[in-house]
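Coordinates in review
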Amino acid sequence: MITRTTQPYKATYYFFLDCGSSSTNTYSQKWYRDNKDNFFPHSTTQILETTSFTYTFLVTKGPKFLRLYFNPDTYSSRNPNPPFFSVSSNGYSLLTNFSASLTASFLAKTHSSQVIPYFLKEFLIHVNNTQILNVTFTPSPNSYAFINAIEVASLPENLYFNAKTPKYINQLKGPVIGNNTALETIYRLNMGGGQISGCNDSGMF
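Residues numbered from 1 in each chain as written. Predicted model: local features only at pLDDT ≥ 70, side-chain atom pairs only at ≥ 80, totals over all residues. Heavy atoms only, no water.

Attention shifts here to the pairing of strand 10 (residues 132-139). The sheet contact formed by strand 5 (residues 53-58) and strand 10 spans six bridges and is antiparallel. Counterpart to Y55 in the pairing with strand 10 is V135. Here four bridges tie strand 7 (residues 85-89) to strand 10, and the two strands are oriented antiparallel to one another. Of the residues in strand 10, the one forming a bridge with F85 is P139. (Pairing = 2+ DSSP bridges. Helix = DSSP H or I, 4+ residues; strand = E, 2+ residues; numbered from the N terminus.)

The structure is reproduced here in structure tokens:
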């Protein structure tokens, strides 16, 4: 049996944005404040009002990894009902009429936890020649949106988009995902490897 090992992918750049924070924090990685007046690793929250708000990241052309951090909370000065909002990026609808609070409650039940957990939403997006990655939060009517942190990282070319592999058994070629498709990560499995600490987890695979 012949085995082959490859070197772990090293992202050419990362963006770690601790939304709503007024200072730079460190939790496995260095997280930067988003310069707003107003740390799952993040206890700070950027609360958005009744209009859309966009975070803009200047990036290179190619595939990008987008991770959104949500730590649901009820704010004493706001309607105690769970907020609903939508998230889009570069023309792709990532989350529609989404409730982070209801999602966290569901996760708590499915994981037999008495504590409403924080959670992540992960997406893969191919950035075109504009070299801009926009992430837009749009509150539903009579509601508001929030985000705790945003992480953006580069991805290796041809890993997910226009990849020649993997191939199904007994097939000559595998499915091809074009650059005009956005993907959401549902599960990430470490196949056959040892435990990976948070600071050593590239989050790519």
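The rest of the description comes next.
The next thing to look at is the confidence of the model for the protein chain. Per-residue confidence for the protein chain gives a mean pLDDT of 75, with 63% of residues at or over 70. Low pLDDT, under 50, characterises residues 23-43; the predicted model gives this stretch 62 contacts beyond four residues in sequence or across chains. (pLDDT = per-residue confidence, 0-100. Contact = heavy atoms within 4.5 Å.)

This structure, assessed with the given rule, holds three salt bridges. Note that R67 is salt-bridged to E151, the shortest N-O span being 3.0 Å. Of this pair, R67 sits in strand 6 (residues 62-70) while E151 sits in strand 12 (residues 149-154), placing them 84 residues apart in sequence. Looking at E151, the relative accessible area reads 4%, which means it is buried. Ionic pairing is found between E184 and K121, a salt bridge with its closest N-O pair at 3.4 Å. Of the two residues, E184 is situated in strand 13 (residues 183-185) and K121 in strand 9 (residues 119-127); the sequence distance between them amounts to 63 residues. Judged by relative accessible area, which is 35%, E184 ranks as partly exposed. Among the ionic contacts, a cluster of salt bridges with common partners joins R67, E122 and E151. (Salt bridge = Lys/Arg side-chain N within 4 Å of Asp/Glu carboxyl O. Buried < 20%, exposed > 50% of the residue type's maximum accessible area, 1.4 Å probe, protein only.)

Moving on, we get to unusual backbone geometry. If you check the backbone angles, N97 has positive phi at about 45° while not being a glycine. Positionally, N97 belongs in strand 8 (residues 92-98). Taking relative accessible area as the criterion, N97 reaches 45% and is therefore assigned partly exposed. A positive phi angle, close to 60°, is found at N142, a residue other than glycine. For N142, a relative accessible area of 82% puts it in the exposed group.

Among the secondary structure elements, S143 is positioned in the loop between strand 10 and strand 11 (145-147). For S143, the contacting residues outside a window of four places in its chain are T50, P83 and F84.

Time to look at a nonpolar patch on the surface. The grouping of I186, Y187, L189 and M191 at the surface amounts to a nonpolar patch, some 590 Å² of accessible area in total. Residue position: M191 is located in the segment after strand 13. (Patch = residues over 30% accessible without salt bridge, like charges linked within 9 Å, V, L, I, M, F, W, Y side chains within 5 Å. Areas by Shrake-Rupley, 256 points an atom, 1.4 Å probe, with all protein chains shown as cover.)

This next bit is on the nonpolar core. Counting residues in each nonpolar core, the largest one holds 30 residues, and the members touching the most others are F57, L68, F70, F137 and I150. Within the second largest apolar cluster, five residues are counted, among which are F65, A153, L155 and F161. (Core = buried A, V, L, I, M, F, W, Y, C linked by side-chain atoms within 4.5 Å.)

With that out of the way, let us pick up the sheet that holds strand 7. Overall, antiparallel pairing links the four strands, which are arranged 5-10-7-8 in an open sheet. Pairing within the sheet leaves two strands with one partner each, and these edge strands are strand 5 and strand 8. Taken pair by pair, the neighbouring strands of this sheet meet at an average axis angle of 10°, ignoring direction. (Axes fitted to C-alpha atoms, helices over the stretch in contact; angles between N-to-C directions.)

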